[in-house]
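# Analysis of the macromolecular model
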Amino acid sequence: MISPRRTLGLAAILVISTASLAADDAITLPAGTELHVQLITSLSSKTNETGDMWSGKVVEPVIVKGREIVPEGSSVEGHLTYVKGPGRAKGKGEMRLVMDSFSTSDTSRYNIVASLKDAEGANVTNKEGTIQGPGKDSDTKVETGVGAAAGAGVGAIAHGGTGALYGAGIGAMAGLAHGLLKKGKDVILPGGTEMTFVISRDTTAQRADGSKK
């Protein structure tokens, strides 16, 4: 027969175990928490589309109140919320990606939403985490000026001063047309790119259904 004291002891152990399980099922990340991630999937505004998934890994552990919440090496998954290729006359390639979840070494997966703050070698333009590719406005201006100078030189040789002005106009138009035909550059994030994601408000990450303990 089990004594009442032993019964109470077993009950206490059960309560503690249940509390620990609940704590593991949900973790809290305060606003401003940064997650440093290394990209595994290569991304480009030329080949990727909105909705495409990407993967990475955590390169620095996240510590909250002395406790390691997100271990280094945790795998990360996210998706592209916006992709736009560069235009011809004007425009730059753009891409926006968010972090959806991370998985710890024991295969527990936690759902979370974090926006991009910074990316190695990329131009992050706003709080939504939009990455913008390099533009071609300056290239077009340079080519227009070079075309004008070349046209003026040819016109001066052929027809003197008046020919120089005429040639400059023709050269400028030719340079501008060539610049417009050159398409702007795409956003390219190669595998290995280091990125920083940030949580904008206090977030409780729930362990996803089906992940193993």
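Above this text is the structure in question.
Residues numbered from 1 in each chain as written. Predicted model: local features only at pLDDT ≥ 70, side-chain atom pairs only at ≥ 80, totals over all residues. Heavy atoms only, no water.

### Quick look at the packing of aromatic side chains
What the rule picks out here adds up to two aromatic pairs. Relative to Phe-197, the ring of Trp-54 lies with its centre 5.5 Å away and its plane at 10°, an arrangement referred to as stacked. Here the residue Trp-54 occupies a position in strand E4 (residues 53-58), and Phe-197 occupies one in strand E13 (residues 194-198), the gap between them amounting to 143 residues. Each member of the pair, Trp-54 as well as Phe-197, is classed as buried. (Phe/Tyr/Trp six-rings, centres within 6.5 Å; stacked < 30°, edge-to-face > 60°. Helix = DSSP H or I, 4+ residues; strand = E, 2+ residues; numbered from the N terminus. Buried < 20%, exposed > 50% of the residue type's maximum accessible area, 1.4 Å probe, protein only.)

### Some remarks on the pattern of salt bridges
Following the criterion strictly, the structure yields two salt bridges and no others. Between Lys-117 and Glu-34 there is a salt bridge, with its nearest N and O atoms 2.5 Å apart. One end of the pair, Lys-117, is in strand E9 (residues 109-119); the other, Glu-34, is in strand E2 (residues 34-39), and 83 residues separate them in sequence. A relative accessible area of 28% means that Glu-34 is categorised as partly exposed. Residue Arg-96 pairs with Glu-128 through a salt bridge whose shortest N-O separation is 3.5 Å. Taken together, the residues Arg-96 in strand E8 (residues 94-103) and Glu-128 in the loop between strand E10 (123-124) and strand E11 (130-132) connect sequence positions 32 residues apart. (Salt bridge = Lys/Arg side-chain N within 4 Å of Asp/Glu carboxyl O.)

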